[in-house]
Amino acid sequence: MAKTIIEKIIQSHSPDEVAPGRIVWMDLDVRSARDFGGANVVKNFEREYPGESPADARKTFFTFDLCAPACSLKYADNQQLCRDFARKHGIRVYDVDAGIGSHVMIEEGLAAPGTTVVGTDSHLNILGAVECFGQGMGDVDIAFAFKTGRAWFEVPESVKVVLKGTPSAQAGAKDLTLFLCRELGTKKIALRSAEFSGPAAEALSPAGRITLCSMITEMAGIIGFVSREGGLAADLGAAYTAVVEVDVTGLPPQVAVPPSPNTVKPLAGVKGIKIDSGFIGSCTNGRTEDLARAAEVLRGRKVKPGVMLKVVPATRRVYEEILERGILETLFRSGAIVINPGCGGCAEGHAGLTGKGETQISTGNRNFPGKQGKGKTYLAGPAVAAASCVAGEIRGPEDL
Amino acid sequence: MDTDIRQGRLWVLLDAAGRIIEDIDTDQIFHNAHLAISDIAQMGPLAFGNLEGWTDFPGKCAPGDIIVAGRNFGAGSSRQQAVDCFIALKVGAILAPSYSAIYFRNAVNSGLPVLKILDLDRLLAQRKLASGDVVRFDVRTGKGGNLTRPAVFALDPMGGVQYDIFRAGDLFKYGKPAGTK
């Protein structure tokens, strides 16, 4: 039977017959845990399987990215618990210097087209950007996966999302992604696999595909794949639950306003909102290309006095690239704080939170109430975030 | 009592305007500031600690109580604590029209009954279900009734792996001794 992309990947990892709605057991090429969740995975494992070893240490990893290096005793304890377990079982740890686990797994080739990867990161479906079936799971699932190398999974239905037209030159991958968060909401691809096609999808760079796939979680989807030349494709005649067309012709920059990533407006509708701080980074916008875009805006300019701009490269490799390309210097001279790679900026971790009454513009992926502290968070792309920090209010680079 | 049958008092998660709250995310259920907590006993008092209007829930909830929430319950992060905090409070079940995929499987794996309730908007609009009502339902057949007022409701019946894990207690118990299925 003709299969969609997700069905093909799952079928190649399951002895069961794969069809939408069916629950199958799936072999996992990579099972991982972070510094949040990881300690509970270890505790679960040691409680349930005392004296036993993981199924395959070479396919098992820890990635520390949430609080890196640890800025609280609890994180320090949890990380050390994982390190001790890893040493005992010969498991590799991508430690606090490495960066965001999902990005590290892409860079290291652990997440490759057609593979299956699980971990304790709810944005692990970002790996759809490299045609890998990544799934975030809780610490019970992951402890079980460490031990057995398998997980049960309900095969999702697939939806085709066809992007019509070409966005404006000012709009980047994040603007397209935020627009899709608005258009698809949390219903249209909910619990489904989405296959994006059309010229605007095919024009995305590898970093742009990461940006789009990183926010499938915010659209309540299982995973997203982006059509590209030479990429993994569905079989001809594969069955889709729905085909959704989204017109992106002339799309201007977009901003998600509180309280959710799905309440999205054109930039023009939110210009002038005063901000206290900015954050550029995250698994959504922490690639070299994203930081280069911010640096273009910041070159020869200063972050407005009284405004704080935090920049967090996704990985150590990105950090190295921005160092070598002079991007780091531009960011530094503009007044930005450049912080160790990782997930800081999106959750409580090594890059801090917002305080009561603070308004932040962020290139992250979530702005739910309380997520980044007690302040308000607006989500935007790197160019708008950078320009807003120069202006002290939400603006696009062309308004500076 | 047959473990397939659940009975308990309802807490219907309404906002200040009386609407059912949809898209409740894991930061509202169990805030990321508490992620380093790994002892289940400490998680109960933090349940709904960031959900406006419901931060006093842990004090009000009694063992066996049942939560009714809007669609896409448990959106957001993969944290098991957002399930474990309810296990700590001995919540009997959660009923919602839909769940985030990760939340749903986390709950299934921990043996917390999470069921999809059909036609919730109508049931609420017709006042067939309200906070304080005592309801009784069968997870296997999906048939439920309100013992406080005359009303019936339907749940998507638990089946397949979810039911097997539920009966075993949790994923680990289900997986033993073979370690697989």
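Residues numbered from 1 in each chain as written. Chains lettered and ligands numbered in written order. Predicted model: local features only at pLDDT ≥ 70, side-chain atom pairs only at ≥ 80, totals over all residues. Heavy atoms only, no water.

**A closer look at helix α5 (residues 139–148) of chain A**
Residue and element names in this part refer to chain A. Burial analysis of α5 places ten of its ten residues in the buried class, which makes it a mostly covered element. Buried residues of α5: D139, V140, D141, I142, A143, F144, A145, F146, K147 and T148, and no others. Phi for G149, located one or two positions after α5, is positive at around 75°. (Buried < 20%, exposed > 50% of the residue type's maximum accessible area, 1.4 Å probe, protein only. Helix = DSSP H or I, 4+ residues; strand = E, 2+ residues; numbered from the N terminus.)

**Quick look at the state of the cysteines**
Residue and element names in this part refer to chain A. Scanning the entire structure with this criterion turns up zero disulfides over all chains. Unpaired in this structure, C71 has its nearest cysteine sulfur neighbour in C67, at a distance of 3.1 Å. In this structure C71 comes out as exposed when scored by relative accessible area, which is 51%. C132 forms no disulfide, and the closest cysteine sulfur to it belongs to C213, at a distance of 11 Å. (Disulfide = S-S within 2.5 Å.)

**A few points about the packing of aromatic side chains**
Applying the stated rule across the entire model yields 19 aromatic pairs over all chains. Ring centres 6.3 Å apart and planes at 10° place the aromatic pair W25 of chain A and Y174 of chain B in the stacked group. With one member in each of two chains, W25 of chain A in strand β1 (residues 23–27) and Y174 of chain B in helix α7 (residues 171–175) form a pair that bridges those chains. Here W25 of chain A and Y174 of chain B have matching classes, each one buried. Geometrically, the ring pair formed by F73 of chain B and Y103 of chain B is edge-to-face, given 5.2 Å between the ring centres and 90° between the ring planes. Residue F73 of chain B is located in the loop between β2 (66–68) and α3 (81–88), and its partner Y103 of chain B is located in helix α4 (residues 101–110); the two are separated by 30 residues in the primary sequence. Taking the relative accessible area as the measure of exposure, Y103 of chain B reaches 1% and is therefore buried. Counting every residue linked through ring pairs, the aromatic cluster contains W11, F48, W54, F57, F73, F86, Y99, Y103 and F104 of chain B. In this structure, R140 of chain B packs its charged tip against the face of Y163 of chain B, placed 4.0 Å from the ring centre. (Phe/Tyr/Trp six-rings, centres within 6.5 Å; stacked < 30°, edge-to-face > 60°. Lys NZ or Arg CZ within 6 Å of the ring centre and 35° of its normal.)

**Considerations on empty space enclosed by the protein**
Residue and element names in this part refer to chain A. Per the stated rule, a full pass over the model turns up five cavities of 30 Å³ or more. Each pocket or cavity is described by its volume, and for the largest cavity that value is around 240 Å³. Lining the largest cavity are 19 residues; nearest its centre among them are R34, H123, C346, R366 and K371. No fewer than three residues from each of domain 1 (25–152) and domain 3 (255–399) sit in the lining of the largest cavity. Reported here for the second largest cavity is a volume of approximately 160 Å³. (1 Å grid on protein atoms, 1.4 Å probe; cavity = no way out; pocket = protein on both sides within 12 Å on 5 of 7 lines; lining within 4 Å. Points joined across faces, edges and corners; volume = space filled by probe spheres on them. Domains from an automatic or database assignment.)

**Details of the domain arrangement of chain A**
All names here are of chain A. In terms of domain boundaries, chain A breaks down into domain 1 (25–152), domain 2 (158–252) and domain 3 (255–399). The C-alpha-based centres of domain 1 and domain 2 are spaced at 27 Å. Contact with domain 1, which involves 14 residues of that partner, is made by 16 residues of domain 2. When the buried area of domain 1 at its contact with domain 2 is split by residue, N125, A129 and E131 rank highest and sum to 46% of it. The tally of links from domain 1 across to domain 2 stands at one salt bridge. Run the count over domain 1 and domain 2 and you get seven residue pairs in polar contact (both at pLDDT 80 or more). Put simply, the parts of the chain that give the side of domain 1 that touches domain 2 at least two residues each are α4 (101–107) and β6 (133–136). Top element by residues in the side of domain 1 that touches domain 2 is β6. It accounts for three residues. Residues of the side of domain 1 that touches domain 2, tallied by class, amount to five nonpolar, eight polar and one charged. (Contact = heavy atoms within 4.5 Å. Buried area = accessible area lost by both parts, 1.4 Å probe. Salt bridge = Lys/Arg side-chain N within 4 Å of Asp/Glu carboxyl O. Polar contact = N/O pair within 3.5 Å; in protein donor to acceptor, adjacent residues only side chain to side chain. Nonpolar A, V, L, I, M, F, W, Y, C, P; charged D, E, K, R; others polar.)

**Focus on the interface of chain B and chain A**
The parts lose accessible area when they come together, and the size of an interface is often stated as this lost area. Counting residues at the interface gives 39 residues for chain B and 44 residues for chain A. Buried area between chain B and chain A, both sides added, is near 3,600 Å², and the carbon and sulfur share of it is 57%. Considering only the surface of chain B that becomes buried against chain A, A36, R105 and F172 of chain B emerge as the three largest contributors, covering 20% of it. At the junction of chain B and chain A, the tally comes to two salt bridges. At the junction of chain B with chain A, the criterion picks out 15 residue pairs in polar contact (both at pLDDT 80 or more). Secondary structure elements with two or more residues in the side of chain B that touches chain A: α1 (26–29), α4, α6 (160–168) and α7 of chain B.

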